[in-house]
Amino acid sequence: MELELRGITKRFGSLVANDHIDLAVAPGEIRGLLGENGAGKTTLMNVLYGLVQPDEGEILVDGKQVTIHSPKDAINAKIGMVHQHFMLVPVFTVAENVALGVEQQRKLKIGSLPGIPTGLLDRGRARRQVIELSERYGLQVNPDVRIEDLPVGVQQRVEIIKALLRQASVLILDEPTAVLTPGETEDLFRVMRELREGGRSIVFISHKLKEVQTIADKITVIRRGKVVGERPPSTSDAELAALMVGRPVELKVSKEPAKPADVVLEVTDLTVAGAAGLAAAGQDSRNSVDGVSFQVRAGEILGIAGVQGNGQTELCEALMGLLPSGGQVRLDGKDISRATPHDRLRSGISYIPEDRREDGLVSDFSVADNLVLDLYDRKPFASGIAMDLPAIRANARTLTTEFDVRTSSIDATVGTLSGGNQQKVILAREVGRRVRLLLASQPTRGLDVGSIEFVHRRIIEERDQGVAVIIVSSELDEIYALADRIAVMYEGQITGFRPPSVPVTELGLLMAGVRNGAAADPAGSDGNPDDGPPGGGSAGRTEPT
Amino acid sequence: MTAIVAAVRAPIVANRRLIAAVTFVAFGLIDILIFGLFSHKGDATFAFSLFGAKVTVPSLHVPARPVTYALGIASVLIGVARATVTESKLLKRLSIAAVLLFFVLAMLLWSDTGSWADGIPINVITLMQGTLAASIPLILGALAGCMGERSGVINIAIEGQLLLGAFTAAVVASAVGVLWLGLLSGSLAGGLIGAMLALFAIRFLVDQIILGVVINLLISGLTGYLYDRLLVPDANTYNNASTFSTVKIPVLGDIPVIGPIFFDSTIFLYITYAAIILVQVGLFSTRWGLRVRAVGEHPSAADTVGINVLGIRYRNLILGGMLAGIGGAYLTIGSVGTFSKDMSSGLGYIALAAMIFGRWTPLGATLAALLFGFTTALGSFLGSITVPISPFILGMAPYVATIIAVAGLVGRVRAPAADGKPYLRE
């Protein structure tokens, strides 16, 4: 099936999300759709899937114009979509999710009469369909398991099976690799190639250059709602990145080798219980952080890699005292295991939470107020019970200039700022004071390349000034760009410490929980989490980068 | 300070089992220390036949004090077992049921051997008939709640649906003189409130809790006003309905004990049976149910496979409202025949509690509603044999027991994930 979009335009208020986009995908083609967050990729695909109505433009299937007002129309036009956030009902089984919307009824057979529909679900048939499709395309999945009990990689397979059952000829995959380990990504690519062999077209949406180059037959780059170019997959990184951002970009922030000094943070056997509610229901009694030990020295960056949801969030919150935990946390030799978040901030930890809108900022407060959220109650921003407003404003003016926060005024509510500028506000607040340890969780998630550069540069500057830094990120590129030492988390445990020279495949295995399958670490002592990091740390740092 | 914070935040995982065990033991101790020690000598009598029944079943005579002690000890043992052994889900639920049952039996044994009882037997059939009669509006209301919440809309307006159903049924049945029209119009009145709830919750995104409470107040005010201005001055025309007579089901109705309890009642009980089965099977075994639950759990997942999310929500609220309307009609043309001000008296809220207690399943909600219904019937029985306890305390005790049961014995309940959240495409 040939799919063509002509002049698709979609406006949200004054924002033009899609500006006369043309796109034609041939049968049996994998088309990469490359663009930064907010470039309009997802909006375009939502238009195609009937979730958003375009203001202008038309969609053609095999040369004939079709109107798509709802997902139902899209399904009828043989368009299938795997959303970035899976559209699966967590409490349903795989078979129920696949059958939803195209359910078969059990029929009552009396003699030779045609079956009478009973209105009852034919669960057996749904199971058989799932088994059949999963065998045909090598998408292993058990039809009787509940979605909530499946790892995300398998959930994604269920989404693909859903689309295949509806006979999709064009499959849209929206940022499908964001939640996958490198190994699972390889697996997905294998399935995609198999589907291409079968004559299906695939639109692969991503902001990761390497993946698009690997899998796509042709790459379309979108910037600010416009198609800015079509390139073959052989195009260089630099050219694609420049197209995507609109100016030449430094893909990797340059940094000097680390000069680690004394141990700042020492974590011993940190354990956080699994989600209380789940455990009470007897569903999941695993610890979300399970006996984690490591050290971080002044002037080094420890990168914690791992697929989302393997305990990184809980680790950070436990380090900040936001979650109750067992084990010991020592900052500069002082035991802070029982300290409140307030006391931990005071003792010199700064924290960039992964969800900046929820945990990092008060959206309805002004930029100036957000910049003193952690220091509002002490000099120079307060005297007695009164806030010192002029001091707060002066502080805001200094920091917004220093950190290049683009805002109409320091009194603007922080919720009105772009994601990149919001992150700069947090960064300014957290590193604007003197700290010993910087704990940054997913510090560049959802930011444009320009902001990523800025945030990375500031984090490295902090390191160079002798701050101990922990970066938690599920983006391996970010880990490689920043870390002086890499720890990998899987199911609440650290599966290994590696120097930044470690190959991706080895990290991928660690991220999937394989401890010993990985090639021997050249530094020797680095890979054993039971030994703790001291030896590993120093060994890792001597590795050439 | 930090220690307190840590203690408060410490997961309650381990304690859950302990809380249940302590509750069981507490019930057992009440059985022994209150009903056992204060019981009088002699036998309690349980009767299983109605006066004048064709086939009579012999009454059961139970020595009160030893049996009460035995029941109490059994409860304590169940509590100890709960604390020490890891039990399966089924066993946990059975032990909850057993402890509650023992408690009620102990209470009955104590009450029937007192001097006040004067040899009146405990008539099990009357007690169960009373239970079912009190449960009908609760069950239908709880089913209405299930219909709404399974599709993702909270229905606090069950109370209003019951009240308007009761009012409309009484007025129509009186004015027109046809009971069936009363039933139909009562049902439609409930459906109308369902439609109103749906419109404001789905189309105008009004907070569903506030909306439900406002509707209840509106209906209370509206029916109260009309009652004063219309029903009181002209009671013969507007508030003088007859009631449905009982229909005995052939064969089934003649079974001793079971027959008179379950198969010799008004049409309302039979409608309730049908509604329970339809909603239970519908929700969990049909295409409709799969879609409804998908809409209540993850509406965008349903939307992206071509299911009309809002359509399902409208339909469910209206159908659920019609069920609650029938429950309301029962209050007038199914039992007393006349409407009185605010006669639903919180039944809608109890139905809501039954739905939650029953974990959003029709069968569970029915069992919970029966429990509430039983407490009502038990209260009136104890009142009728003039137990030396204030009638106010009697009226309250079953509810207190229920609160303890819910707080201590019901584990984590999970509402449909999208319950109460309006659905909007981004």
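Quick caveat: nothing in here was measured; it's all calculated off a predicted structure.

1. So, the overall build of chain A
- Scanning chain A from terminus to terminus reveals 19 helices and 24 strands.
- Here the C-alpha radius of gyration of chain A, 26 Å, is about what a compact globule of 545 residues would show, namely 24 Å.
- Along the first, second and third principal axes, the C-alpha set of chain A runs to 85 × 50 × 50 Å.
- A separation of at least 24 residues holds for 66% of the contacts in chain A among residues at least 6 apart in sequence.

2. Quick word on the sheet that holds strand β3 (residues 122–123) of chain B
Residue and element names in this part refer to chain B.
- In spatial order, the strands read β2-β1-β3; together these three strands make up an open sheet with mixed pairing. Each end of this open sheet is capped by a strand with a single partner; those strands are β2 (60–63) and β3.
- Across four bridges, strand β1 (residues 43–47) lies against β2 in antiparallel orientation. When the bridges of β2 are listed, D43 appears paired with P63.

3. Quick notes on the interface of chain A and chain B
- Listed by partner, the interface residues are 43 residues for chain A and 27 residues for chain B.
- Taken together, chain A and chain B are joined by one salt bridge.
- Between A:E103 and B:R291 there is a salt bridge; the shortest N-O distance is 2.7 Å.
- Applying the counting rule to chain A against chain B returns six residue pairs in polar contact (both at pLDDT 80 or more).
- Contributing elements (two or more residues each) for the side of chain A that touches chain B: α2 (71–76), β8 (116–121) and α9 (276–280) of chain A.
- Tallied by class, residues from the side of chain A that touches chain B come to 24 nonpolar, ten polar and nine charged.

4. Considerations on the domain arrangement of chain B
All names here are of chain B.
- Split into domains, chain B comes out as domain 1 (13–120) and domain 2 (130–409).
- Once you take the C-alpha centre of each, domain 1 and domain 2 turn out to be 30 Å apart.
- Taken together, the contacts link 21 residues of domain 1 with 19 residues of domain 2.
- Between domain 1 and domain 2 the total buried area reaches about 1,700 Å² when both faces are included, carbon and sulfur atoms providing 81% of it.

5. Examining a positive patch on the surface
Residue and element names in this part refer to chain B.
- Among the surface-exposed residues, R17, K89, K92, R93 and R359 lie close enough to one another that they form a single positively charged patch.
- For the positive patch, the element with the most residues is helix α4 (residues 89–113), which contributes three residues.
- If you trace the backbone, K92 turns up in helix α4.
- Given the relative accessible area of 33%, K92 is considered partly exposed.

6. Re the sheet that holds strand β4 (residues 56–61) of chain A
Residue and element names in this part refer to chain A.
- A sheet is described by the order of its strands in space; here four strands give the open sequence β2-β1-β4-β5, paired in antiparallel fashion. Strands with a single pairing partner mark the edges of an open sheet, and in this sheet they are β2 (15–25) and β5 (64–66). Direction aside, the axes of adjacent strands within the sheet are offset by 30 degrees on average.
- By the bridge criterion, three bridges tie β4 to β5 in an arrangement that is antiparallel. Counterpart to I59 in the pairing with β5 is V66.

7. Observations concerning the packing of helix α5 (residues 124–150) of chain B against helix α14 (residues 309–336) of chain B
All names here are of chain B.
- The geometry of α5 relative to α14 is characterised by a closest axis approach of 8 Å and an angle of 170 degrees between their N-to-C directions. Compared by their axis directions, α5 and α14 come out roughly antiparallel. Residues A133, I136, P137, L140, G141, L143, A144, M147 and G148 of α5 lie in contact with α14, whose contacting residues are N316, L317, L319, G320, L323, A324, I326, G327, Y330 and L331.
- Considered class by class, the residues forming the contact of α5 with α14 number 14 nonpolar, five polar and no charged.

8. Some thoughts on helix α15 (residues 419–431) of chain A
Residue and element names in this part refer to chain A.
- If you check α15, its first and last C-alpha atoms are 18 Å apart, about what 13 residues at 1.5 Å a residue would give, namely 18 Å.
- Of all 13 residues in α15, twelve are buried; the element is thus mostly enclosed.
- Residues of α15 that are buried in the fold lie against β18 (349–352), α12 (356–360), α13 (367–370), α14 (389–402), β21 (437–441) and α16 (449–464).

9. Observations concerning the pairing of strand β9 (residues 170–174) of chain A
Residues and elements named next belong to chain A.
- With five of five residues buried, β9 is to be regarded as a mostly interior element.
- Summarising the sheet, strand β6 (residues 79–82) and β9 pair through four bridges and their orientation is parallel. Residue pairing across strands places G80 opposite L171, the latter belonging to β9.
- In terms of strand pairing, β9 meets strand β10 (residues 201–206) through five bridges, oriented parallel. In the sheet register, L173 faces β10, and the bridge partner there is F204.
- In this view, the connection linking β9 to its parallel neighbour β10 by way of helix α6 (residues 182–197) has right-handed handedness.

10. Description of the environment of A:V249
- Among the secondary structure elements, A:V249 is positioned in the loop between α8 (237–245) and β13 (263–272).
- Here the alpha-carbon distance between A:V249 and A:D149, two residues 100 residues apart in the chain, equals 41 Å.

11. Re the confidence of the model for chain A
All names here are of chain A.
- For chain A, per-residue confidence averages 85 on the pLDDT scale, and 92% of positions sit at 70 or higher.
- Taken together, the stretch residues 276–284 has pLDDT below 50 and engages in twelve contacts with residues farther than four places along the chain or on a different chain.
- Low pLDDT, under 50, characterises residues 517–545; the predicted model gives this stretch 48 contacts beyond four residues in sequence or across chains.

12. Here's the deal with unusual backbone geometry
- Cis peptide bonds are those with omega within 30 degrees of zero, and the linkage from A:K379 to A:P380 qualifies with 5 degrees.
- Within the secondary structure, A:P380 sits in the loop between α13 and β19 (382–383).
- Positive phi, normally seen in glycine, also occurs at A:Q442, with a value near 45 degrees.
- By the element assignment, A:Q442 lies in the loop between β21 and α16.
- Overall, the relative accessible area of 6% leaves A:Q442 in the buried class.
- Even without being a glycine, B:R359 presents a positive backbone phi close to 50 degrees.
- When its relative accessible area of 31% is taken as the criterion, B:R359 is described as partly exposed.

13. As for the packing of aromatic side chains
- Counted under the stated rule, the structure contains 14 aromatic pairs over all chains.
- Positioned over the ring face of A:F454 is A:K424, at 5.0 Å from the centre of the ring.

14. Concerning the nonpolar core
- In terms of nonpolar packing, the biggest core is built from 86 residues, with B:L143, B:F268, B:I333 and B:F339 touching the most fellow members.
- A total of eleven residues in this core trace back to one element, the largest contributor, which is α5(B).
- Residues contacting B:F268, with those up to four places away along its chain left out, are B:I136, B:L183, B:F244, B:I326, B:A329, B:Y330, B:I333 and B:G334.
- A:L165, A:L180, A:L243 and A:V245 belong to the second largest nonpolar core, which has 49 residues in total.

Cut-off values and rules
- Residues numbered from 1 in each chain as written.
- Chains lettered and ligands numbered in written order.
- Predicted model: local features only at pLDDT ≥ 70, side-chain atom pairs only at ≥ 80, totals over all residues.
- Heavy atoms only, no water.
- Helix = DSSP H or I, 4+ residues; strand = E, 2+ residues; numbered from the N terminus.
- Rg over C-alpha atoms; globule rule 2.2 N^0.38 Å.
- Contact = heavy atoms within 4.5 Å.
- Pairing = 2+ DSSP bridges.
- Salt bridge = Lys/Arg side-chain N within 4 Å of Asp/Glu carboxyl O.
- Polar contact = N/O pair within 3.5 Å; in protein donor to acceptor, adjacent residues only side chain to side chain.
- Nonpolar A, V, L, I, M, F, W, Y, C, P; charged D, E, K, R; others polar.
- Domains from an automatic or database assignment.
- Buried area = accessible area lost by both parts, 1.4 Å probe.
- Patch = residues over 30% accessible without salt bridge, like charges linked within 9 Å, V, L, I, M, F, W, Y side chains within 5 Å.
- Areas by Shrake-Rupley, 256 points an atom, 1.4 Å probe, with all protein chains shown as cover.
- Lys, Arg positive; Asp, Glu negative; His and termini not counted.
- Charge placed at Lys NZ, Arg CZ, Asp CG, Glu CD.
- Buried < 20%, exposed > 50% of the residue type's maximum accessible area, 1.4 Å probe, protein only.
- Axes fitted to C-alpha atoms, helices over the stretch in contact; angles between N-to-C directions.
- Parallel < 35°, antiparallel > 145°, perpendicular 65-115°, else oblique.
- Expected span 1.5 Å × (residues − 1).
- Right-handed = clockwise from strand over helix to strand, strands pointing away.
- pLDDT = per-residue confidence, 0-100.
- Phe/Tyr/Trp six-rings, centres within 6.5 Å; stacked < 30°, edge-to-face > 60°.
- Lys NZ or Arg CZ within 6 Å of the ring centre and 35° of its normal.
- Core = buried A, V, L, I, M, F, W, Y, C linked by side-chain atoms within 4.5 Å.

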